[in-house]
Amino acid sequence: MVMAFASLLAVGMLSVSCQDGGAGCLKKIDDYVADVQFDELGGQKATMSCERVAKDIYKVRLEWNLPEEVQQDDWQASFTPAFSPTFNWAPHLTPTDQNIIDQHSFRSPALIAQDGQRTLMLIPDIDIMKEGTPVRFYMDMNAQKNKLVLGMSNYYVSDHILYSRKPGAVYPAGKVEFGFYVVATEDPEVQKNPFRKVLSFLWDKWGHEQFEDDFDKPVPFEKYAEHTYNWAFNTWKDAVWQEFEIDGKRVGAPVFIVNTTQSPNYPGEVNEREFRSIWNQAWFSSLRSASGLFRYARRTGNEDLKQKAEMTKELALAFPQKDGLFYGLIGTQMEQKMIDGRPYNRSKGWDTYYWGNSNRNPVTWDASRSPFHILDMSWTALLMMRWNNELEQDQRLVDYATRYADKLLTLQDEKGYFPAWIDVETGEILDFLTDSPESSMSVTFLLELAKATGNEKYKAAALKAMDVIAEEIVPVGRWEDFETYWSCSRLGGDHVGRKFERNNMYKQCNFSMFWTSEALLESYRATGDKKYLELGQRVLDELLMTQASWQPPYIYVSTLGGFGVMNADGEWNDSRESLFAELIMQYGKELGIVEYQERGLAALKSSFSMMYCPENPQEKQQWEYAWPFFNEKDYGFTMENYGHGGATDDKGMGIGEFTIYDWGNGAAAEAYNRIVDKFGADVLSGDKE
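This write-up is about the structure you can find in this document. (Residues numbered from 1 in each chain as written. Predicted model: local features only at pLDDT ≥ 70, side-chain atom pairs only at ≥ 80, totals over all residues. Heavy atoms only, no water.)

Digging into the packing of helix H8 (residues 286–300) against helix H10 (residues 374–391)
A pair of packed helices can be characterised by two numbers: the angle between their axes and the separation between those axes. Put simply, the rule is: Only the stretch in contact is used when a helix axis is fitted, and all axes are lines through C-alpha atoms; the angle between N-to-C directions ranges over 0 to 180 degrees. Labels follow the DSSP assignment, with helices taken as runs of H or I lasting at least four residues and strands as runs of E lasting at least two, numbered in each case from the N terminus. For classification purposes, an angle smaller than 35 degrees is called roughly parallel, one larger than 145 roughly antiparallel, one from 65 to 115 roughly perpendicular, and anything else oblique. Crossings are sorted by hand: turned counterclockwise from the far helix by less than a right angle, the near helix makes the crossing left-handed, and turned clockwise it makes it right-handed. By the convention used here, residues are in contact when the closest approach between their heavy atoms is within 4.5 Å. All amino acids are sorted into three groups, where Ala, Val, Leu, Ile, Met, Phe, Trp, Tyr, Cys and Pro are nonpolar, Asp, Glu, Lys and Arg are charged, and the leftover types, Gly among them, are polar.
Across the interface, H8 lies against H10 with an axial gap of 10 Å and an inter-helix angle of 15°. Put simply, H8 runs roughly parallel to H10. Helix-helix and strand crossings are classified by hand; for H8 and H10 the assignment is left-handed. Within the contact between the two elements, H8 uses Leu287, Arg288, Ala290, Ser291, Phe294, Arg295 and Arg298 and H10 uses Trp379, Thr380, Leu383, Met384, Trp387, Glu390 and Leu391. For the contact of H8 with H10, the per-class residue count stands at eight nonpolar, two polar and four charged.

So this is what it looks like as structure tokens:
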């Protein structure tokens, strides 16, 4: 059946009951929806109700009473906007008609279409989903045919990670419900920032109540930090802490990654997951974690931990510079050892160390041959400046960062962008992401350096980059960075710089949304120009569309405040939330928005949600399903995310097998210690006063 809502009522194609305006409720939606198609379920038409619940927001529910079990592979409601959208947004890509957005990606679920005047949004009814549904909900957006779709179907995962329809859905006899909200508005503020209306609706209706429940009792942040540091420097010390000499100076840091075979309780042989190394990269930053350890040691008076933090700072300063540029990691040579006829991956030790760069790049998987990455260097240089400005003055840090900044300015193009990768041997700019939002990280670094040194050339270069990103990246959502294409989710390598046509969207990663929203906030603080703050809020809100605004019953760990990664991957509670938490709170403080404070605190809490410890009983049970040998010696072990593969169950599926200290427990502890220092411990109670 294809016709407008009010027409469905007129011809009797649906049984309709309307509240707050009667049939006018449906007529209002008709101004934005040219036609709509509701499938039958088991040959039955639905009974539909429509209620206006807020200005420009309408609640629609469909109900069937099935006399017997129904087998039906797919059910959907398909909407055609009454306009031609120029902007589309959905939480996940669906490049083909076979693809759907399974509810696994319903963190802050919505479909959005705009044409410069009108905005139409569809939001699945979370109340129905919280009660459990016989068949999974999904969404889809076909921009080429101008269709927004809500539906029910089974699914399977492909292409790391896309979701596809799978036959075999079964509905039991009795009542079946499906529901959604329609947002239909010409509000110019929604045109400028469509994400704010969705986010405030989701938080007011579901997120805030869950937040109050989560913070009803004090969250044991300090205990989480104790677990982290006891794990890294005591029970797992032999596997985690690395200490050695470079040019006669003692340096050290926690290792990049460890896995469950390195547990003191593991009954078998150790098999190292990746090459033994220490990184200063956009994800895995030993200097960032060390700054948190320094804050903790200073607060608690722990001289041993403070010394370890200082050793990591010394390691960062030991990274050699080449015409101002510098490496992103130090690694060891590896070998395979045969034990009982099986190979095991082992390090040859720090006597075999070499300098290298992140192998998450488009050139090579060999870290020893990987190019310099501007993003990684600007992040490390920013951390050096923050260490000097916030923790302890050390002119060596300023000098190191300044040498890099002076080189960085020579690499800026005429439009204002900084490149992504530089060949280590030739110094040539590589032709990948030469005009990307990775430049936002350099904006924040250069503004910090300008503030510290008073040198206006750094500020001028930063604002030039910020302005081109604001003009060319933000309006179209071109959130492309190294993780978008050259991490585990490599879908879309043939789409760099262009949209997926069916969705009218780029493949997007929220990492570059974070760097850009932070850079815009710092640009506002540096200039006082509110255009940066306003645009920064829009980018922050797009980032928050990847944050969980509720607790799904089919995700078996605490989720509120946790983040996904991109629109082609499956993570919940990814460790980036620890990096994002303070920025969200800073916007809340600047704008006086309580929701941001709550979202920031929820993100911080979620940073520890994947930790194996008694304070997380639900998650602890999932860990023990996956790894039965875990005990108190493993308290603090923290997987970087949950449900990465796009599927979960209540018996440990979705639980991983490794910890990255600098992108897990050490990163979460750093965020906690930083927020304590900057906001005070009282804010961690969730009290808004």
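Quick word on the pattern of salt bridges
This is how it is decided: Should a side-chain nitrogen of Lys or Arg be within 4 Å of a carboxyl oxygen of Asp or Glu, the pair is scored as a salt bridge. Between buried and exposed lies partly exposed: a residue is buried under 20% and exposed over 50% of the maximum accessible area for its type, with that area taken using a 1.4 Å probe on protein chains only.
Here the structure, examined in full by the defined rule, presents 50 salt bridges. Residues arginine 196 and aspartate 541 are paired through a salt bridge, measuring 2.9 Å at the closest nitrogen-oxygen approach. Here arginine 196, found in helix H5 (residues 194–214), pairs with aspartate 541, found in helix H16 (residues 530–544); they are 345 residues apart in sequence, far enough to count as distant. With a relative accessible area of 16%, arginine 196 lands in the buried category. Connected through salt bridges with shared partners, the residues Arg288, Arg295, Arg298, Glu390, Glu582, Glu670, Arg674, Asp677 and Lys678 form a single ionic network.

Notes on the sheet that holds strand S20 (residues 277–279)
Operational definition: Strands qualify as paired when DSSP identifies two bridges or more between them.
Taken in spatial order, the three strands line up as S20-S23-S26 in an open sheet, and their pairing is antiparallel. Each edge of the sheet is formed by a strand with only one pairing partner; in this case those strands are S20 and strand S26 (354–356). Taken pair by pair, the neighbouring strands of this sheet meet at an average axis angle of 20°, ignoring direction. Taken together, the three bridges between S20 and strand S23 (residues 329–331) define a ladder with antiparallel strand orientation. Looking at S23, one finds that tryptophan 279 is bridged to leucine 329.

Observations concerning the packing of aromatic side chains
Aromatic ring pairs are described here by two measures, namely the spacing of the ring centres and the angle between the planes. As a reminder of what qualifies: Only centres within 6.5 Å qualify two rings of Phe, Tyr or Trp (six-membered ring in Trp) as a pair; their planes then separate them into stacked at under 30 degrees, edge-to-face at over 60, and tilted for everything else. Here, a charge over a ring is recorded when the distance from Lys NZ or Arg CZ to the ring centre is within 6 Å and its angle to the ring normal is within 35 degrees.
Following the criterion strictly, the structure yields 56 aromatic pairs and no others. On the numbers, 5.3 Å between centres and 80° between planes, the contact of tryptophan 64 with tryptophan 75 is edge-to-face. Of this pair, tryptophan 64 sits in strand S5 (residues 57–66) while tryptophan 75 sits in strand S7 (residues 74–81), placing them 11 residues apart in sequence. An identical accessibility class is assigned to tryptophan 64 and tryptophan 75; each is buried. Through a chain of ring-to-ring contacts, the aromatic side chains of Trp231, Trp236, Tyr266, Tyr612, Trp623, Trp627, Phe629, Phe630, Tyr635 and Phe637 assemble into a single cluster. The ring of tryptophan 572 carries the charged tip of arginine 107 above its face, separated from the ring centre by 5.2 Å. For the cation-ring pair, arginine 538 lies above phenylalanine 87, with the distance from its terminal atom to the ring centre recorded as 5.5 Å.

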